[in-house]
Amino acid sequence: MNPILSTVDNEIERLTAFLIDQQQQDGSWHFCFENGIVIDAYIIILFRILNVQNEDLIRQLHDRILAEQQSAGFWKLYKDEKDGNLSTSVEAYYALLYSGYSKVTDEPILRAKHYIQSKGGIGKVTSILTRVILAATGQSKWPLSISSIPLEVLLFPTYFSINYFEFSGYSRVHLTPMLIMADRRFSISTANAPDLSNLIDTRIEEDEPAPRGYEEMNDVIQSGLSRLLGSPRYIHEAARAKAEQFMLQRIESDGTLYSYATSTILMVFALLALDYDQQHPLITNAIHGLTSMQCRSDAKTTIQNSPSTVWDTALISYVLQEAEIPDIHVAIRQAASYLLSRQQYKTADWSIHNPDTIPGGWGFSESNTINPDVDDTTAALRAIRSLAVTQTTYQESWNRGLNWALSMQNNDGGWPAFEKNTNKEMLTWLAIDGAKSAAIDPSEADLTGRTLEYLGNFAELDMRHKFIKRGAKWLTQHQEKDGSWYGRWGVCYIYGTWAALTGMRAVGLPPEHDALQKGANWLLSIQNSDGGWGESCHSDRLLRYVPLGESTPSQTAWALDALIAVQPEPTPAVNRGIKKLIASIREDDWKSSYPTGAGLPGNFYSNYHSYRYIWPLLTLSHYRTKYGQE
């Protein structure tokens, strides 16, 4: 008898009881999706400019931002970002002063000012969101990386080598309001606006040199402009109207643009640029939607970029069932009913590159009705799998979801997140920090691996099917030389390697397969001395594995789950990892809240408050299922 099993049993019982207790009456789970201080800062600035009367929220966001300041005066995106983050520090400084609750003479503000000046001032900010907010509020000129893109690109036909729908959906909903504002050289301020002119170093060029290939892309844009018919004025007005309609057609019922806080904030500024009144219903509804995205945790308040309700609900229901909670349990039934109500039946932007496919995917957040993604869809399908066997309603839902997920496979064999075959490298040449990750939505190892895991373990499909073979082949071709895989939506190589290994095992690749052995050996080679695993957010910026030096619950769980999938016996390394995992679940320190969700390399990371419970429970359940008879 494996002596660890009784400890594993006890921890599974404790975690399942905790999660079931956290379920809401409607069957969903609401855990905080924390994204640093960036959105909190933008909300303060926007609310002050619009004179939104919500003093309690503004004060709470101010206090949360101030509490995150480091002794050296800066703010970080993650704990081991040793020299701080200039863009985040500028956002924090600006918002604290705009709130009115901090003054220029306050010691924390003076420390922040000194840090920003020591890094070259706001002219050295690289985050495009920060630069746009500064320009939109009159603190700096419009960055050329945005103002040099003509609005007319929205009119380019779909057959042209660059057209608007070759950009990723995430990119489009942010770029459109930016282009509207830049086109009008829009800026708005108030009498109480902070003066950031002392943070501008006039000796420093504000605009970074364009990346290699940018000029070539610009030539293509000019070629496209020359093909548009009509007078320049007529074409420009048509482009502006199309940009406006693009936003209006993608507003969700809660008032947000595409269910994201960041794009909604930009939309409000863009509507002002289009001469909408500050009290226009579209703007007041957007403010209401943004306000409803707040999350309170540990006596702090933050604004989430997009509440993770559907994602968390799907994952928690799935892992509870992996932990042997039966589908007749009320928690599973209620979660399934909730998920059924969130399946999407609208033909939206995803269909442009994937026509003639019946809708049936799921999105990330509760208000999201037009932006399904592959990861949320397979997560929801895992959660309803058992009920789909016995109940017609769920079987129909399952069939639609499975069909949609299969239809999203890219021509190269892998799976994207949101839209099919949007992987034109030329668009990554934009002179925008993070364009390589944000501008396109190519196949990724984490999406491909997770989809294969679902198709193998839940849809019972294997390598006998050509599309499964193509997915597995994509993964083997994109394995790094050291045996790892890069994961786009989690941090980072541990995440990608976990997804790839579990996916390939699920569709029938044998444990002794070279790619699986290399991946497992790589994971073993980076195990920490305490038995766990931890990876730094630096990894996605540097595009190589960077150890955190400490172990986090979710990354330890991912590594172990991958090893369990590949190894027939519970090795000493895995058992040490299991002991560390159980210990780490009960710890409540910075390692528990270190961001392991990725958004935009170097700019945006997420701490899913649910992850410290979901992934450990999944791994412990898989350990018990596979090794329980030892």
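Preceding this section is the structure that the text describes.
Now for a description of the structure that goes with this document.

Okay, the sheet that holds strand S5 (residues 604-608) next. Spatial ordering of the open sheet is given by S1-S5-S4, a layout of three strands whose pairing is antiparallel. At either margin of the open sheet sits one strand with a lone partner, and together these are strand S1 (33-34) and strand S4 (597-600).

In this structure the tally under the stated criterion is 31 aromatic pairs. Aromatic pair tryptophan 350 and tryptophan 404: ring centres 5.7 Å apart, planes at 85°, arrangement edge-to-face. You can see tryptophan 350 sitting in the loop between helix H14 (330-342) and helix H15 (374-390) and its partner tryptophan 404 sitting in helix H16 (residues 392-407), a full 54 residues away along the chain. Assigned by exposure class, tryptophan 350 and tryptophan 404 land together as buried.

The next thing to look at is the packing of helix H11 (residues 261-273) against helix H12 (residues 281-291). Their axes nearest at 10 Å, the elements H11 and H12 cross at an angle of 160°. By the angle class used here, H11 and H12 are roughly antiparallel. Judged by the sense of rotation from one axis to the other, the crossing of H11 with H12 is left-handed. In this structure, H11 uses Ala261, Thr264, Ile265, Met267, Val268, Leu271 and Leu272 to contact H12, whose residues at the interface are Leu282, Ile283, Ala286 and Leu290. Among the residues making up the contact of H11 with H12, the classes are represented as ten nonpolar, one polar and no charged.

So, on to the packing of helix H3 (residues 55-67) against helix H4 (residues 86-99). Two elements in contact, H3 and H4, have axes whose closest approach is 10 Å; the angle formed by their N-to-C orientations is 140°. H3 and H4 meet at a crossing whose hand is left-handed. Where H3 approaches H4, its residues Ile58, His62, Ile65 and Leu66 are matched on the opposing element by Ala92, Ala95, Leu96 and Ser99. Taken together, the residues of the contact of H3 with H4 sort by class into six nonpolar, two polar and no charged.

Moving on, we get to the pairing of S4. By the bridge criterion, three bridges tie S4 to S5 in an arrangement that is antiparallel. In the strand pairing of S5, glycine 597 is matched with serine 606. The turn linking S4 back onto S5 is made up of three residues, and glycine 602 within it adopts a positive phi angle of 80°.

Let us look at the nonpolar core. Within soluble globular proteins, side chains that are nonpolar generally end up buried alongside one another. By size, the foremost hydrophobic cluster in this structure holds 210 residues, and its most contacted members are Met181 and Phe269. If you tally residues by element for this core, the top one is helix H2 (residues 38-50), at eleven residues. When near neighbours in sequence (up to four residues on either side) are disregarded, phenylalanine 269 contacts Leu46, Ile49, Ile133, Ala136, Thr137, Met181, Phe186 and Ile188.

A separate point is the pattern of salt bridges. By the definition in use, this model includes 24 salt bridges. Between arginine 450 and glutamate 453 there is a salt bridge, with the nearest N and O atoms lying 3.9 Å from each other. With arginine 450 and glutamate 453 both in helix H18 (residues 445-457), this residue pair falls three residues apart, about one helical turn. As far as burial versus exposure is concerned, arginine 450 and glutamate 453 are alike and both buried. When the shortest N-O distance is used, the salt bridge between lysine 580 and glutamate 587 registers 3.8 Å. On the accessibility criterion, lysine 580 (13% relative accessible area) is buried. On the accessibility criterion, glutamate 587 (26% relative accessible area) is partly exposed. A network of salt bridges, in which partner residues are shared, links Arg172, Arg250, Asp349 and Glu419.

Moving on, we get to the pairing of strand S2 (residues 294-297). In this structure, S2 lies alongside strand S3 (residues 300-303), joined through four bridges in antiparallel fashion. Pairing of serine 297 across the sheet is with lysine 300, part of S3. Counting the residues that bridge the hairpin from S2 to S3 gives two residues, and of these aspartate 298 lies at a positive phi of roughly 50°.

Parameters at a glance
- Throughout, residues of each chain are indexed from 1 in the direction in which the sequence is written.
- Local features in a predicted model are, by the rule used here, given only for residues with pLDDT of at least 70; side-chain atom pairs are given and counted only at 80 or more, and totals for whole chains, interfaces and linings are based on all residues.
- To get the side-chain values, all heavy atoms of the structure are used, and hydrogens and water are removed first.
- DSSP bridges decide pairing: two strands pair if at least two such bridges lie between them.
- The secondary structure listing takes helices from DSSP runs of H or I that are at least 4 residues long and strands from runs of E that are at least 2 residues long, numbered from the N terminus.
- Pairs were defined over the aromatic rings of Phe, Tyr and Trp, the Trp ring being its six-membered one, requiring ring centres within 6.5 Å. Orientation was assigned from the angle between planes: stacked under 30 degrees, edge-to-face over 60, tilted for the rest.
- Burial classes: relative accessible area under 20% of the type maximum marks a residue as buried, over 50% as exposed, and values in between as partly exposed (1.4 Å probe, protein chains only).
- Between N-to-C directions, angles span 0 to 180 degrees; the directions come from axes that are lines fitted to C-alpha atoms, helices contributing only their stretch in contact.
- Oblique is the label for any angle not under 35 degrees, not over 145, and not in the 65 to 115 range, which are roughly parallel, roughly antiparallel and roughly perpendicular in turn.
- With the far helix as reference, a near helix turned anticlockwise by less than a right angle produces a left-handed crossing, and one turned clockwise produces a right-handed crossing.
- Contact between two residues is taken to exist if any of their heavy atoms lie within 4.5 Å; hydrogens are not considered.
- Only Asp, Glu, Lys and Arg are considered charged in this grouping, and only Ala, Val, Leu, Ile, Met, Phe, Trp, Tyr, Cys and Pro are considered nonpolar; every other residue, Gly among them, is considered polar.
- Side-chain atoms within 4.5 Å link the members of a nonpolar core, which is a set of buried Ala, Val, Leu, Ile, Met, Phe, Trp, Tyr and Cys residues.
- For salt bridges, the criterion is a side-chain nitrogen of Lys or Arg within 4 Å of an Asp or Glu carboxyl oxygen.

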